[in-house]
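These are the residues of each chain, in order.
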Amino acid sequence: MKTISIATALTILASAAHGAECIDAKAAKAGFILERPGIHSEFRPAAGGMVSVANEYQSQSPQTQFLFGGLIEVFRDSETGQLAMIPFSDLRKLFPLKAGAKSKTVFVRLAANKQPKGTETLEISVKGKETFSLGDCKYNVLAVRLTIKNEAGKTQDEFTALYAPDLQAVLARRYDEGTNAESVVGYEVIKPLPN
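Residues numbered from 1 in each chain as written. Predicted model: local features only at pLDDT ≥ 70, side-chain atom pairs only at ≥ 80, totals over all residues. Heavy atoms only, no water.

Novice: It is not clear to me how the side chain of Gln63 should be interpreted in this structure. Could you clarify?
Specialist: Structurally, Gln63 can be placed in strand S4 (residues 63-68). There is a polar contact of 3.1 Å between the side chain of Gln63 and the side chain of Tyr57. Contacts of Gln63, omitting those with residues within four sequence positions, involve Val53, Ala54, Asn55, Tyr57, Arg76, Asp77 and Ser78. (Helix = DSSP H or I, 4+ residues; strand = E, 2+ residues; numbered from the N terminus. Polar contact = N/O pair within 3.5 Å; in protein donor to acceptor, adjacent residues only side chain to side chain. Contact = heavy atoms within 4.5 Å.)

Following this line, the structure appears as structure tokens:
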């Protein structure tokens, strides 16, 4: 009888320890790691509403990004160079995001030794709420459609970000939504940063 009690206790402890790896809003303030095959990303809150993301790739050089609210890239640094996206309006007015919200932000993309080719526009449309699973962890996410257009109005990039407001992180991107080519590229594991 004691053997069953000890085994049961160990099972409960193992389950609790495994469940402890799910990062909540409070734990996210200390930073966390998201991974999928070929990429390891370390997320850390930074000043001014920024989130610093250090990406290590299996097939390319490391990269550091600064994302406003964990969603909008404003700076990128890697061995191939630096890139800054300077908005012409206050990004703080976009947050917190709510289902149904829409916005347009004009910005200029700056890179060392290159003149900008004109302004670009980031269109954001919050389509609704979903649930996204990372291993045994489930997160409430917003499906946020992001479209980047050049000065002439031609679409340069478009995808739906599955954005977790509690984590201030995009957990996955959905491409070619609503077509036969629809695909989702997302992280598969979440864990705390090592102490």
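Novice: Can you help me understand the pairing of strand S9 (residues 137-149) in this one?
Specialist: Looking along a regular strand, one sees the side chains alternate between the two faces of the sheet. In terms of burial, S9 is largely enclosed, as 10 of its 13 residues are buried. Taken together, the 13 bridges between strand S8 (residues 119-134) and S9 define a ladder with antiparallel strand orientation. Looking at S9, one finds that Thr131 is bridged to Asn140. Here S9 runs beside strand S10 (residues 155-164); their pairing, made up of 8 bridges, is antiparallel. The partner of Val144 across the bridge, within S10, is Ala161. (Buried < 20%, exposed > 50% of the residue type's maximum accessible area, 1.4 Å probe, protein only. Pairing = 2+ DSSP bridges.)

Novice: What is the right way to look at the nonpolar core in this model?
Specialist: Nonpolar side chains in soluble globular proteins tend to be buried together. Counting 23 residues, the largest nonpolar core has Phe32, Leu34, Tyr139, Leu167, Leu171 and Ile190 as its most contacted members. Secondary structure elements with two or more residues in this core: strand S1 (32-36), strand S2 (39-45), strand S3 (50-57), S8, S9, S10 and strand S11 (169-175). Among the elements that make up this core, the one with the highest residue count is S9 (4 residues). In this structure, Leu34 is in contact with Ile39, His40, Ser41, Phe43, Leu134, Ala169, Val170, Leu171, Tyr187, Val189 and Ile190, ignoring residues within four places of it in sequence. Listed in part, the 22 residues of the second largest apolar core include Leu71, Met85, Leu97 and Leu146. (Core = buried A, V, L, I, M, F, W, Y, C linked by side-chain atoms within 4.5 Å.)

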